[in-house]
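Working through the structure, step by step
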Amino acid sequence: MENPRQEIKESETAFFSALRRAIANKDYKSRRLGPDDLAEYFLPPYFRFFLRFKKVRENTKEKLDGFLPGLTEFVIARTSYFDDLFVDALEKNFQQIVFLGAGYDSRAYRFEALAKETKIYELDAAPTQNRKNACLKKAKIQVSPNVIFVPIDFNINSLKNTLNDAGYQDNQRTLFIWEGVSYYLESESVDATLAFVSQNSHHESLIAFDYTISVTENTLNDHYGVKEFSQTMKEHHPNEELLFSIEKGQIITYLEKRGLKVLEHLDNHEIEKRFLLDDQGDLIGHMTGHFCFVLASPVRK
């Protein structure tokens, strides 16, 4: 029987994240607000043509915001946050960086000059990864030999076996980037991923991920854009509906029980203040309110 959560086609949410990053790059051309100058190459040619025009970008963003208010702002902030962590790991000579669900991430190519000898493992479902490789090839974007593409289905395959087969070394400092993934997984898959990092990585390794706080029908309206977000995911992305969340205020306890200590945690208000202010200090827009960022490391007894 076919697994209902198994990816048999390219990820739609990864595509729309690339679209949002491409729009931000055209609109802001800023290291902080629109740094991903390669995102457009993961879009069809006619998208890239029409996104040259400001009015088209405005209309596109308006339509996207109608379905998912604040998600473009969230993606802008998320890109900047994980960019900073990625660059910091390269500058500190981490031997490995593992993308747990790479999607159309472009950091390995945007920051290739900083990578030196760092091994970068890009894990994702085969359909999305295959399309990504085709886009890279078509755009003539050079991929370093140190970038290793690893197909995986996180709900089925063993992360430990998959990474070990790809050459991962558990005695080397590693940054795990788990961006835009946790909330699409079953809780068992989330536990398995966190257990792997806790038990099978160097004690100075780091894992950074975004997650959603738990909401109910009674609290949907308490967080900007969350009601519309929930409705849109159910109606338009039934195969990528959110499955996993963590109760508000419970992230430290949740990760401690799984052998990880929190080094940094940002809720939506903190994310906006840190990543969504323009050069004049004005907020460019509110982000979808139930997303958070967390950075953690293994606890060694």
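Treat the numbers as computed from the prediction; the structure is a model and nothing was measured. (Residues numbered from 1 in each chain as written. Predicted model: local features only at pLDDT ≥ 70, side-chain atom pairs only at ≥ 80, totals over all residues. Heavy atoms only, no water.)

1. With respect to the overall build of the protein chain
Assigned secondary structure in the protein chain consists of twelve helices and seven strands. In terms of C-alpha radius of gyration, the protein chain reaches 18 Å, essentially the compact-globule figure of 19 Å for 301 residues. With the principal axes as the frame, the protein chain shows a C-alpha extent of 55 × 50 × 50 Å. The long-range share in the protein chain, meaning contacts at least 24 apart out of those at least 6 apart in sequence, stands at 78%. Accessible surface for the protein chain amounts to roughly 14,600 Å². Of this, 48% is attributable to carbon and sulfur atoms. Treating the 38 positive side-chain charges of the protein chain as one cloud and the 45 negative ones as another, the clouds have centres 4 Å apart. (Helix = DSSP H or I, 4+ residues; strand = E, 2+ residues; numbered from the N terminus. Rg over C-alpha atoms; globule rule 2.2 N^0.38 Å. Contact = heavy atoms within 4.5 Å. Areas by Shrake-Rupley, 256 points an atom, 1.4 Å probe, with all protein chains shown as cover. Lys, Arg positive; Asp, Glu negative; His and termini not counted. Charge placed at Lys NZ, Arg CZ, Asp CG, Glu CD.)

2. Points about the packing of aromatic side chains
This structure, assessed with the given rule, holds 23 aromatic pairs. Taking 5.2 Å as the distance between ring centres and 80° as the angle between the ring planes, the aromatic pair formed by F49 and F50 counts as edge-to-face. Pairing Y168 with F196 gives two aromatic rings, centres 5.5 Å apart and planes at 50°, and the pair type is tilted. Of the two residues, Y168 sits in the loop between α8 (159–166) and β4 (174–178) while F196 sits in helix α9 (residues 187–199), which places them 28 residues apart along the sequence. Each of the two residues, Y168 as well as F196, counts as buried. Among the aromatic residues, those joined into a ring-pair cluster are F74, Y81, F82, Y183, Y184, F229, F275, F291 and F293. A cation sits over an aromatic face here: R258 above Y254, 3.7 Å from the ring centre. (Phe/Tyr/Trp six-rings, centres within 6.5 Å; stacked < 30°, edge-to-face > 60°. Buried < 20%, exposed > 50% of the residue type's maximum accessible area, 1.4 Å probe, protein only. Lys NZ or Arg CZ within 6 Å of the ring centre and 35° of its normal.)

3. Overview of the sheet that holds strand β7 (residues 291–298)
Strand order in the open sheet made by the seven strands is β3-β2-β1-β4-β5-β7-β6, with mixed pairing throughout. Every interior strand has two partners, whereas the edge strands, β3 (147–151) and β6 (260–266), have only one. Neighbour-to-neighbour, the strand axes of the sheet open up by a mean angle of 20°, direction not taken into account. With four bridges connecting them, β4 and strand β5 (residues 206–212) associate as parallel partners. Across the sheet, L175 pairs through a bridge with L206, a residue of β5. (Pairing = 2+ DSSP bridges. Axes fitted to C-alpha atoms, helices over the stretch in contact; angles between N-to-C directions.)

4. Structural notes on the pairing of β3
Sheet topology places strand β2 (residues 119–124) next to β3; five bridges connect them, and they run parallel. What sits directly across from Y121, in β3, is I148. Following the chain from β2 across helix α7 (residues 126–138) to the adjacent parallel β3, one finds a crossover that is right-handed. (Right-handed = clockwise from strand over helix to strand, strands pointing away.)

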